[in-house]
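Structural overview for review
For reference, the chains in residue letters:
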Amino acid sequence: TVGTYTITYTATDLDGNTATASRTINAVDTTAPVVTVTGDNPATVELGGTYTDAGATATDASGDVAVVTSGDTVDPDTLGTYTITYTSTDASGNAGTATRTVNVVDTTVPVFTSSSTFVVDEGATAVGTATATDIQSVTFTISGSVLEITSAGVITFIAPADYEGSYITDDPSSLPYGGETVSFTATITATDASSNDATQVITVSIRDRGGIDDNVATGSGTGTATLGIGTGTDT
């Protein structure tokens, strides 16, 4: 028990004379409560999730003591590092503290919501638009040299779509003509502001628009090609 105590010492001789002395003893508490953080420390929260603080406990020789929470307010919608402080003060004014670090992070990759197949007419430049969902902003890139894409996801041909283009692996003389399509693939990457990325392989099909339009016999100039569908002159 905290307090001030007095002890008195008395000595008496054979003639009855007495003398006294006293000692003062102060029972004090100079020890701060021990604060223990409950749960994970550091704690991690996914961006856009929820955070419920697990709190802390405290022990002290004086008995039960309360814990008061202060410091940062964790915002699960904002990336960053937050510090929460727990303080316990006993009846003698001794204060003990402990802290918890909470990291709000984004480890979730974007999710594509756009189609992976596109069909365009020969000679067109516009292909379509890639879209993806993510809690943060997303930018797009694309592989290869035939297509280009804006950071917002708009896909176009660098040069007009060519049914007999070099990016089509088939021999032009073996291609079907009369509105059929030939296809090739490309890879789109969606990257969010935390550098999480996802990829989508797209298939782009080019539709023939009127028969052979490249000189497959000589490669350039004016020539005549016979492909089993009649004889035509192509420039």
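In what follows, the accompanying structure is described. On a predicted model such as this, the values are computed, not experimentally measured, just so you know.

Digging into the pattern of salt bridges
Pairing between side chains of opposite charge can happen when their charged atoms approach one another. Applying the stated criterion across every chain yields a total of two salt bridges. Between R100 and D53 there is a salt bridge, with its nearest N and O atoms 3.2 Å apart. Linking R100 in strand 8 (residues 95-105) with D53 in the loop between strand 4 (43-46) and strand 5 (56-59), this pair joins segments that are 47 residues apart in sequence. Residue classification places R100 among the buried positions, given a relative accessible area of 2%.

A word on the packing of aromatic side chains
The relation between two aromatic rings is expressed through the spacing of the ring centres and the mutual angle of the planes. For the structure shown, the criterion picks out five aromatic pairs. Ring geometry for F112 versus F140: centroids 6.2 Å apart, planes at 55°, classification tilted. Here F112 is found in strand 9 (residues 111-112), whereas its partner F140 is found in strand 13 (residues 138-142), with 28 residues between them in sequence. Each of the two residues, F112 as well as F140, counts as buried. A connected cluster of aromatic rings, assembled from ring pairs, spans F157, Y167 and F184.

What about the environment of D40?
By the secondary structure assignment, D40 is in the loop between strand 3 (34-37) and strand 4. On the basis of relative accessible area, D40 is assigned to the exposed category, the value being 58%. Between the C-alpha atoms of D40 and A54, which are 14 residues apart in sequence, the distance is 8.3 Å.

Criteria and thresholds
- Every chain's residues receive numbers from 1 upward, in the order its sequence appears when written.
- A pLDDT threshold of at least 70 governs which residues receive local features in this predicted model, and a stricter bar of 80 or more applies before side-chain atom pairs are shown or counted, although totals over entire chains, interfaces and linings include all residues.
- Water and hydrogen atoms were dropped before computing side-chain values, which therefore reflect all heavy atoms in the structure.
- Here, a salt bridge means any Lys or Arg side-chain nitrogen found within 4 Å of an Asp or Glu carboxyl oxygen.
- Comment: elements are numbered from the N terminus, with helices defined as DSSP H or I runs of at least four residues and strands as E runs of at least two.
- Working definition: with a 1.4 Å probe on protein chains only, accessible area under 20% of the residue-type maximum means buried, over 50% means exposed, and in between means partly exposed.
- Note on aromatic pairs: the rings of Phe, Tyr and Trp (six-membered ring only in Trp) are paired at centre separations within 6.5 Å, and the planes decide the class, stacked below 30 degrees, edge-to-face beyond 60, tilted for the rest.

Treat this as a map of the structure, not an account of what it does.
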